[in-house]
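Okay, here's what each chain looks like letter by letter:
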Amino acid sequence: MNIWEMLAVFVAGISAGTINTIVGSGTLITFPVLLATGLPPVTATVSNALGLIPGSVSGAIGYREELKGQGRRVLKLAVGALIGGLTGATLLLALPSTAFETIVPILVALALVLVILQPHISKAVQRRREHSGNPARPDGGPLLFVGLMLASVYGGYFTAAQGIIYLSLMGMLLDDTMQRLNAVKNVLAAVVNSIAALFFLFVADFDWTAVVLIAVGSALGGQIGAKIGRRLSPTVLRVLIVAVGTVAIVQLLLR
């Protein structure tokens, strides 16, 4: 890379770390920049996954206040994220690079619909629980565990808009605030990125220059994103998720 390409990757890392912490989909910023520097798609994906780990951890630390009291929930869901992330990383090396291109925009679009309808869905679910006398499960039950595990398979494979899918599932199945769910999302993303990256270290090619630039940039971005995201109201956060997700769908369809 020349100096201008290195600067572009670094700035992309900051942007990705910021947007990943608030919403998700930061890969849609870093991945095209890495491809523009001449890296092959799989090498770019692997380098991106490695580089985004510090950003995910940084974002999770920035949301530590919202994580209080969620230890058991996070631990259980993180197990599913770990299994899914490792599976997705394996599929990245086993399947052709176009394997997920058709289904990903559909998954993101469905997730956006769920995010938009989440307040109405949550109220309907709550009313049904009140009538049936069954209290809400703090961990979301088997449905959420399996759903997040499958979303993590996709996350280990590519990661773009992974956070949006997490938020839509948790918003539908957990009775909690958007900010607290966003905190859980950041931890799960860190788990998926870390397990996928650990796997890639031993079996895949990556570019150390790109990894270091994105790592430093995303760590800075994670702190920026936490400061911004924690101040947003649930409505503004939901609107931002939909806006970013729409851009993600357009970009994925145009690739």
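Some points on the overall build of the protein
A count of helical and extended segments in the protein gives 12 helices and 0 strands. Beginning at the N terminus, the succession of helices and strands in the protein can be written as α-α-α-α-α-α-α-α-α-α-α-α. Counting across all 255 residues of the protein, residues that qualify as buried make up 50%. Counting only contacts in the protein whose residues sit at least 6 apart along the sequence, the fraction spanning at least 24 positions is 84%. Of the roughly 11,600 Å² of accessible surface on the protein, a fraction of 70% belongs to carbon and sulfur atoms.

A closer look at the packing of helix 1 (residues 3-22) against helix 10 (residues 178-203)
Their axes nearest at 8 Å, the elements helix 1 and helix 10 cross at an angle of 130°. Taken together, the axes of helix 1 and helix 10 lie oblique to each other. Residues Asn-20, Thr-21 and Ile-22 of helix 1 form the contact with helix 10, whose participating residues are Asn-182, Lys-185 and Asn-186. A breakdown of the residues in the contact of helix 1 with helix 10 according to their chemical character gives 1 nonpolar, 4 polar and 1 charged.

Remarks on the nonpolar core
Among the nonpolar cores identified, the biggest contains 56 residues, and Leu-144, Leu-148, Met-170, Leu-188, Phe-200 and Ile-241 are the most heavily contacted of them. Per element, the largest residue contribution to this core is 10 residues, and it comes from helix 10.

Cut-offs used in this document
- Residues numbered from 1 in each chain as written.
- Predicted model: local features only at pLDDT ≥ 70, side-chain atom pairs only at ≥ 80, totals over all residues.
- Heavy atoms only, no water.
- Helix = DSSP H or I, 4+ residues; strand = E, 2+ residues; numbered from the N terminus.
- Buried < 20%, exposed > 50% of the residue type's maximum accessible area, 1.4 Å probe, protein only.
- Contact = heavy atoms within 4.5 Å.
- Areas by Shrake-Rupley, 256 points an atom, 1.4 Å probe, with all protein chains shown as cover.
- Axes fitted to C-alpha atoms, helices over the stretch in contact; angles between N-to-C directions.
- Parallel < 35°, antiparallel > 145°, perpendicular 65-115°, else oblique.
- Nonpolar A, V, L, I, M, F, W, Y, C, P; charged D, E, K, R; others polar.
- Core = buried A, V, L, I, M, F, W, Y, C linked by side-chain atoms within 4.5 Å.

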